[in-house]
Amino acid sequence: MANLMTDTCTYDSLVNKYGNFHVPAICLKVDGSDTVRDLSLNIQSLEISLSLSEASTAVVRLGDVYDSVNRSFYDKIKDKFKLGKIVEVGIGYDSELQTVLKGYIDTLGAEFGENTSLIITIKDVRQLMISGGVHHVLHHVEHYSDAVNTILGGYSVLCTAEIDATEEQLVHPVSQKSSDYDFITRELIGNGRCNREFLVVGEKAYFRKTGNDTTAICSMEFGRELRKFQMESSYADLQVNVIGYDQQTQTVITATATAKSTEEQSSLMSETPVWDIVDPEADTQDKADLRAKAYADKRISLGQQGSGVCIGLPELIPGRYVEITMLEDMVNKKYYIVHVTHKIDEEGFVTEFTTGGWI
């Protein structure tokens, strides 16, 4: 099975691997067994939404699971699919399957009509981190990454953590006053304390350096695997100033970063607009520089948007780049994927993706 976070591929290699994309396949692994195979499940549709910034979700619609005589879903189905059950979702073609989501059954539903269906919604570990409530905790740690490691240890049944250690030397305990998810994504990353991003792919939760790996998963060509693509770049011309204070030396610290769409764009104002951010936690120059760059990078990526539709490719995941080629110089770039939707139904297997930022 491929490592989705590091492996690369070509169109020709995928054609050979997936038998020219003819026969889409699904695996729902529960209690170590492939229920699609073992229970001969009729999956009417599967929609998987993989996200960089929220819990990833899989919605499965099962048909031929209702006993109309006894007016009940079959026991073998009800025994396997219960709230809280851990499920690994794999997709691909023929016997070549790739696990793209590991989660738990968050919702069970039923739909009665011409075709009776059992509807199963599976969510990854981030949903538990979000819904687990607000925590008031003091983390006695030397590094922010130590606090993240401690938090993720509590969710080991759903994920294993891969953490890029942070370098700061903390003197005081780190206060958490939010959910586990908000603490990591907002208090640490969003506030510029850590140059990291937090994402979950398959069974792994990553707390990793941003921009550390810019290798594209693959190159796509319009009319081949790529069916549709659009992009847009919005005007941005801003100077970000982060202002902190060093208590030991009693001096003000200032860090500056530029948020500009392109170097070729026209300047509309005689002086570049300035966004001043006062940050009490920027008590060293390194911390202030880190925060300024994080704010500027976020502003730039918000103005660099794209989306596409392609043949069903399990390899496409948030947190990696995809390269678009053979179109136009303005468009031919590596795009950072932030959201992916895989859809498998009676019409086949298609993948939609959204991007934010490019290189």
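Residues numbered from 1 in each chain as written. Predicted model: local features only at pLDDT ≥ 70, side-chain atom pairs only at ≥ 80, totals over all residues. Heavy atoms only, no water.

Digging into the pairing of strand β22 (residues 334–345)
Here comes step 1: Pairing between strand β3 (residues 42–51) and β22: six bridges, direction antiparallel. Looking across to β22, one finds that Leu50 is bridged to Val340.
Here comes step 2: Judged from the three bridges that link them, strand β21 (residues 321–325) and β22 form a sheet pairing that is antiparallel. Each residue of the ladder has a partner; that of Val322, found in β22, is Tyr335.
Here comes step 3: Pairing analysis gives nine bridges linking β22 to strand β23 (residues 348–358), with the strands arranged antiparallel. The residue of β23 that forms the bridge with Tyr335 is Trp358.
Here comes step 4: What sits between the antiparallel neighbours β22 and β23 is a turn of two residues. (Pairing = 2+ DSSP bridges. Helix = DSSP H or I, 4+ residues; strand = E, 2+ residues; numbered from the N terminus.)

Some remarks on unusual backbone geometry
Leave glycine aside and you will find that most residues have negative phi; peptide bonds, for their part, are mostly trans.
Here comes step 1: The phi angle at Asn20 is positive, at roughly 65°, despite the residue not being glycine.
Here comes step 2: Inspection of the secondary structure assignment puts Asn20 in the loop between α1 (11–17) and β1 (24–30).
Here comes step 3: Here the phi dihedral of Met326 falls at roughly 65°; this positive angle occurs in a residue that is not glycine.
Here comes step 4: By secondary structure assignment, the location of Met326 is in the loop between β21 and β22.
Here comes step 5: The class for Met326 is exposed, based on a relative accessible area of 64%. (Buried < 20%, exposed > 50% of the residue type's maximum accessible area, 1.4 Å probe, protein only.)

Regarding the pattern of salt bridges
Here comes step 1: Counted under the stated rule, the structure contains 20 salt bridges.
Here comes step 2: Across the pair Lys17 and Glu315 runs a salt bridge whose closest N-O atoms are separated by 3.2 Å. Placement of Lys17 in helix α1 and of Glu315 in the loop between β20 (304–311) and β21 is noted, with a sequence separation of 298 residues between them.
Here comes step 3: Since its relative accessible area comes to 30%, Lys17 is described here as partly exposed.
Here comes step 4: Classification of Glu315 by relative accessible area gives buried; the value is 8%. (Salt bridge = Lys/Arg side-chain N within 4 Å of Asp/Glu carboxyl O.)

Overview of helix α6 (residues 180–190)
Here comes step 1: With eight of 11 residues buried, α6 is to be regarded as a mostly interior element.
Here comes step 2: If you check which residues of α6 are buried, you get Asp180, Tyr181, Phe183, Ile184, Thr185, Glu187, Leu188 and Ile189.
Here comes step 3: Contacts made by the buried residues of α6 are with α4 (125–131), β10 (135–139), α5 (144–153), β12 (174–178), β13 (196–201) and β14 (204–209).
Here comes step 4: One or two steps after α6, the chain reaches Gly192, where phi turns positive at roughly 75°. (Contact = heavy atoms within 4.5 Å.)

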